[in-house]
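# Working through the structure, step by step
This is what each chain is made of:
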Amino acid sequence: MRLSNIKQNNKETTKMDIKYELVEKRKEKPDENNLGFGNYFTDHMFIMDYTEGKGWHDARIVPYGPLSIDPAMMVLHYAQETFEGLKAYRNEKGEILLFRPEMNAKRMINSNKRICMPGVPEDMFVEAVEKLVKCEKDWVPAKEETSLYIRPFVFASESSVGVHPAKTYKFIIILSPVGAYYPEGVNPVKIWVEDEYVRAVKGGTGFTKCGGNYAASIAAQVKAEENGYTQVLWLDGVHRKYVEEVGTMNAMFVIDGKVVTAALDGSVLPGVTRDSIIHILKDWGMEVEERDLSIDELMDAARSGKLTEAFGTGTAAVISPIGELCYKGEAVEINGFKTGELTQKLYDTLTGIQWGKIEDKFGWTRKIDL
Ligand SMILES: *Cc1c(COP(=O)(O)O)cnc(C)c1O
């Protein structure tokens, strides 16, 4: 596949002709009090195919169900796959809002380019999400803190065992009604600073949302859990010195009243939540530093009390306070293992915008035309 093809494709502005094949009888909806995360899937899914020389074609909304997979399908062998994660929120008027879906569309284009897959043009991506959510509107839960998690993904579907970019791909979107990521509410988590395994290096795929990154990260996650920690804080892949991000979240540290987070320079995932939090902080007149932060500086700040709050940011959990860090056997507590004031205020502000409870002065939410 030539890159010029991909470029052209990304500029396409045509409205998609989506074919609908709907189920006869819809499934019973799960109890909104016990959704958990990623346990239920809706009645339909969106599928679109890509063929080299033809582009994206055959957009369709069909009953949710198993795919038929050839054992030689390339994604199973060489992991050409990327995904996205965003949510649809029901506001008090019963309307359905998306949060910055164009950011996910753009990020997927960048992810796909890195692993030589065609990008899904931004307007196609957003339209596909909107049409599928509209079709499944009754699945968007209404209870406080619940939402409809949207999982778009692209993978190499060609059957071949040679290593080369595939000639065919599939873009699929599935939906899952979810409850709060942490059912006990916003509470601090214990984080294991990983100094043996690494997740990403500059020049690699750290900035992409590709399944392969997660495959490489599971061993450290298991190790953290064995030691009684919830997630891993990754250090940079070369020096194992600079703080990068937490398992599925970007990481932010409040040091001396300034918010410090890793810069986006190739090995860190450019989170939509990260970007939104930075905008909100700057809007409040706070200083945000996107820079190298060494683990030694961070541990010193924790020991001396200069590190007053720390939190992870990501679509699934929104904001997750960090109550303890453990590095090379030394555990330090942050803010007495309590959710910090700024952390809580950021959580309330961002979720307030997402659920349409407070004014969206940044123009981030997008109402679905029902
Ligand atoms: C998805 C993801 C994030 C968070 O990104 P959001 O767009 O805020 O959800 C952070 N780090 C990694 C590794 C991720 O995969």
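Definitions and cut-offs
Residues numbered from 1 in each chain as written. Predicted model: local features only at pLDDT ≥ 70, side-chain atom pairs only at ≥ 80, totals over all residues. Heavy atoms only, no water. UniProt positions renumbered as here; feature names shortened; annotations may be inferred. Helix = DSSP H or I, 4+ residues; strand = E, 2+ residues; numbered from the N terminus. Salt bridge = Lys/Arg side-chain N within 4 Å of Asp/Glu carboxyl O. Buried < 20%, exposed > 50% of the residue type's maximum accessible area, 1.4 Å probe, protein only. Near = heavy atom within 4 Å. Polar contact = N/O pair within 3.5 Å; in protein donor to acceptor, adjacent residues only side chain to side chain. Areas by Shrake-Rupley, 256 points an atom, 1.4 Å probe, with all protein chains shown as cover. Nonpolar A, V, L, I, M, F, W, Y, C, P; charged D, E, K, R; others polar. Domains from an automatic or database assignment. Contact = heavy atoms within 4.5 Å. Buried area = accessible area lost by both parts, 1.4 Å probe. 1 Å grid on protein atoms, 1.4 Å probe; cavity = no way out; pocket = protein on both sides within 12 Å on 5 of 7 lines; lining within 4 Å. Points joined across faces, edges and corners; volume = space filled by probe spheres on them.

Looking up the protein chain in an unreviewed UniProt entry gives the name branched-chain-amino-acid transaminase, with the organism given as Anaerofustis stercorihominis DSM 17244. Here the protein chain is described in UniProt, under the heading Sequence similarities (unreviewed entry), as follows: "Belongs to the class-IV pyridoxal-phosphate-dependent aminotransferase family."

## Quick look at unusual backbone geometry
In this structure, K328 is a non-glycine residue whose phi angle is positive, near 45°. Considering the arrangement of structural elements, one finds K328 in the loop between β16 (318–327) and β17 (330–333). Phi angles above zero are rare outside glycine, and N335 is one such case at about 50°. Mapped onto the secondary structure, N335 falls in the loop between β17 and α8 (341–354).

## A closer look at the pattern of salt bridges
If you walk through the whole model with that rule in mind, you get 24 salt bridges. Across the pair K106 and E122 runs a salt bridge whose closest N-O atoms are separated by 3.6 Å. With K106 in helix α3 (residues 101–114) and E122 in helix α4 (residues 122–135), the pair connects residues that are 16 residues apart, well separated along the chain. In this structure K106 comes out as partly exposed when scored by relative accessible area, which is 42%. Here K328 makes a salt bridge to D195, at a shortest N to O gap of 3.0 Å. Within this pair, whereas K328 is found in the loop between β16 and β17, its partner D195 is found in the loop between β9 (189–194) and α5 (211–226), the two being separated by 133 residues in sequence. Because the salt bridges share partners, they merge into one network encompassing K258, E289, R291 and E297.

## Let's talk about the site of the ligand
For the ligand, the set of nearby residues contains 15 residues, the closest of which are K209, Y214, E245, T273 and T315. Contacts to the ligand include V272, whose backbone N or O atom sits 2.8 Å from an oxygen atom. Bound to the protein, the ligand loses 97% of the 380 Å² it would expose on its own. Within the residue set of the shell around the ligand, elements represented by two or more residues are β12 (249–255) and α6 (272–283). Within the shell around the ligand, the residues separate by chemical class into four nonpolar, seven polar and four charged.

## Thoughts on the domain arrangement of the protein chain
Taken as a whole, the protein chain is organised into domain 1 (3–179) and domain 2 (189–354). Placing a centre on the C-alpha atoms of domain 1 and another on those of domain 2 gives a separation of 28 Å. Listed as interface residues are 20 residues of domain 1 and, on the opposing side, 21 residues of domain 2. Here domain 1 and domain 2 share an interface that buries about 1,800 Å² over both sides, 60% of which is from carbon and sulfur atoms. At the boundary of domain 1 and domain 2, one finds one salt bridge. Ionic pairing is found between R100 and D275, a salt bridge with its closest N-O pair at 2.8 Å. Put simply, domain 1 and domain 2 have twelve residue pairs in polar contact (both at pLDDT 80 or more) between them. Sorting the residues of the side of domain 1 that touches domain 2 by element identifies β4 (81–83), β5 (86–90), β6 (96–99) and α3 as the ones contributing at least two each.

## Observations concerning empty space enclosed by the protein
One pass over the full model with this rule turns up two cavities of 30 Å³ or more. Here the largest cavity defines a volume of roughly 70 Å³. Lining the largest cavity are G85, L86, K87, Y89, F99, N104, V272, T273, T315 and Q354. Secondary-structure elements contributing two or more residues to the lining of the largest cavity are β5 and α6. Tallying contributions element by element places β5 first for the lining of the largest cavity, with three residues. Its residues placed into classes, the lining of the largest cavity shows four nonpolar, five polar and one charged. By volume, the second largest cavity amounts to about 30 Å³. Around the second largest cavity, the lining residues are R199, N213, Y214, S217, W234 and G247. The element that contributes the greatest number of residues to the lining of the second largest cavity is α5, accounting for three residues.

## Here's the deal with the layout of surface pockets
Empty space within the largest pocket amounts to approximately 500 Å³. As for the largest pocket, its lining consists of 29 residues, of which Y149, R151, K209, Y214 and T248 are closest to the centre. Broken down by secondary-structure element, the contributors of at least two residues to the lining of the largest pocket are β7 (147–156), β8 (168–178), β12, α6 and β15 (307–314). In terms of residue count, β8 provides more of the lining of the largest pocket than any other element does, three residues in total. Per-class residue counts for the lining of the largest pocket are twelve nonpolar, twelve polar and five charged. Looking at the second largest pocket, its volume works out to about 240 Å³. Taken together, Y181, Y182, Y214, S217, I218, Q221, T230, Q231, V232, W234, G247 and T248 make up the full set of residues lining the second largest pocket. Broken down by secondary-structure element, the contributors of at least two residues to the lining of the second largest pocket are α5 and β10 (231–235). Broken down by element, the lining of the second largest pocket gets its largest block of residues, four residues, from α5.

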